[in-house]
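Residue-level structural notes
Given next are the chains, with one letter for each unit.
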Amino acid sequence: MDAEEEAYWPAGAGQVEWLLLASEGTGLEAETLKPVTARPRLTWLGCELVRREARGRTAWTWRRTKQEMAELYALLTSQAQQRHYAVLADTLERIARQPGLHGVRTQSWALCQEACRLGYPGELPHLHYLQKVSHREHLILAG
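These numbers were taken from a predicted model, which means no experiment stands behind them.

1. Structural notes on the nonpolar core
Counting 11 residues, the largest nonpolar core is built from M69, L72, L76, A80, L88, L92, I95, L111, C112, A115 and Y120. Mapped by element, the contributors of at least two residues to this core are α1 (66–81), α2 (85–96) and α3 (102–117). Among the elements that take part in this core, α1 stands out by supplying 4 residues, more than any other.

Structural data, given as structure tokens:
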């Protein structure tokens with residue numbers, strides 16, 4: 001296998017999840033394609049792909065599903081009501097380590113704010129973000 005054909009596969013991983021998103025055109029004729037605007041929304045690794053308005057244009061991002069968010073709010077509420085602040089801090093750290101995409105990060109901030117509203121006295125974790133790569137530069141894959 002040439003270096004150009006290698007795929008990311010972490011050492012010791014039994015399975016790696018991949019998702020291919022493609023614009024209209026040629027090259028994927030043998031694939032069964034589904035529009036990203038179709039219902040139900042495209043979900044992958046517990047997140048859903050959604051459109052949002054950004055500075056007068058449409059942008060795409062990933063966010064947690066409504067079910068995942070409901071479960072996280074319930075978990076934070078339970079931990080705060082029982083004053084298990086060390087466990088709640090661990091939960092917030094886990095939330096902060098999830099992908100820093102706009103939609104996920106916005107949800108993570110809302111969850112942190114909810115923890116504070118529920119009486120969490122600790123320091124909030126740093127929320128990371130992913131820097132967007134310009135769409136003007138085309139990536140050429142070797143075949």
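2. Some words on the packing of α1 against α3
Where α1 meets α3, the closest approach of the two axes is 10 Å, and the angle between their N-to-C directions is 25°. When the interaxial angle is binned, α1 and α3 end up roughly parallel. Of the two elements, α1 crosses α3, and the hand of that crossing is right-handed. On α3, the residues touching M69, L72, Y73 and L76 of α1 are Q107, A110, L111 and E114. The residue makeup of the contact of α1 with α3, split by class, is 6 nonpolar, 1 polar and 1 charged.

3. A word on a nonpolar patch on the surface
A cluster of nonpolar side chains, namely L21, V36 and W60, defines an oily patch on the protein surface of about 260 Å² accessible area. With respect to the secondary-structure elements, V36 resides in the segment before β1 (43–44). Judged by relative accessible area, which is 30%, V36 ranks as partly exposed.

4. Looking at the pairing of strand β2 (residues 47–54)
Summarising the sheet, β1 and β2 pair through 2 bridges and their orientation is antiparallel. By the bridge assignment for β2, W44 is matched with C47. Bridging between β2 and strand β3 (residues 57–64) involves 8 bridges; their strand directions are antiparallel. Residue pairing for β3: L49 is matched across the bridge by W62. Where β2 hands over to β3, the hairpin turn is made up of 2 residues, of which R55 adopts a positive phi near 55°.

5. Observations regarding α3
Helix length check: α3 (16 residues) gives 23 Å between terminal C-alpha atoms against 22 Å at 1.5 Å per residue, within 8%. Those residues of α3 not exposed but buried are G103, V104, Q107, S108, L111, C112, E114 and A115. Immediately downstream of α3, the backbone of G119 shows phi near 105°, a positive value.

6. Here's the deal with the packing of aromatic side chains
How two aromatic rings sit relative to each other is given by the distance of their centres and the angle of their planes. What the rule picks out here adds up to 2 aromatic pairs. Between W44 and W62 the ring centres are 6.3 Å apart and the planes differ by 50°, which places this aromatic pair in the tilted class. Residue W44 is located in strand β1, and its partner W62 is located in strand β3; the two are separated by 18 residues in the primary sequence. Taking relative accessible area as the criterion, W44 reaches 26% and is therefore assigned partly exposed.

Calculation rules
- Residues numbered from 1 in each chain as written.
- Predicted model: local features only at pLDDT ≥ 70, side-chain atom pairs only at ≥ 80, totals over all residues.
- Heavy atoms only, no water.
- Core = buried A, V, L, I, M, F, W, Y, C linked by side-chain atoms within 4.5 Å.
- Buried < 20%, exposed > 50% of the residue type's maximum accessible area, 1.4 Å probe, protein only.
- Helix = DSSP H or I, 4+ residues; strand = E, 2+ residues; numbered from the N terminus.
- Axes fitted to C-alpha atoms, helices over the stretch in contact; angles between N-to-C directions.
- Parallel < 35°, antiparallel > 145°, perpendicular 65-115°, else oblique.
- Left-handed = near helix turned anticlockwise from the far one by under 90°.
- Contact = heavy atoms within 4.5 Å.
- Nonpolar A, V, L, I, M, F, W, Y, C, P; charged D, E, K, R; others polar.
- Patch = residues over 30% accessible without salt bridge, like charges linked within 9 Å, V, L, I, M, F, W, Y side chains within 5 Å.
- Areas by Shrake-Rupley, 256 points an atom, 1.4 Å probe, with all protein chains shown as cover.
- Salt bridge = Lys/Arg side-chain N within 4 Å of Asp/Glu carboxyl O.
- Pairing = 2+ DSSP bridges.
- Expected span 1.5 Å × (residues − 1).
- Phe/Tyr/Trp six-rings, centres within 6.5 Å; stacked < 30°, edge-to-face > 60°.

Functional significance is not addressed by these values, which are geometric in nature.
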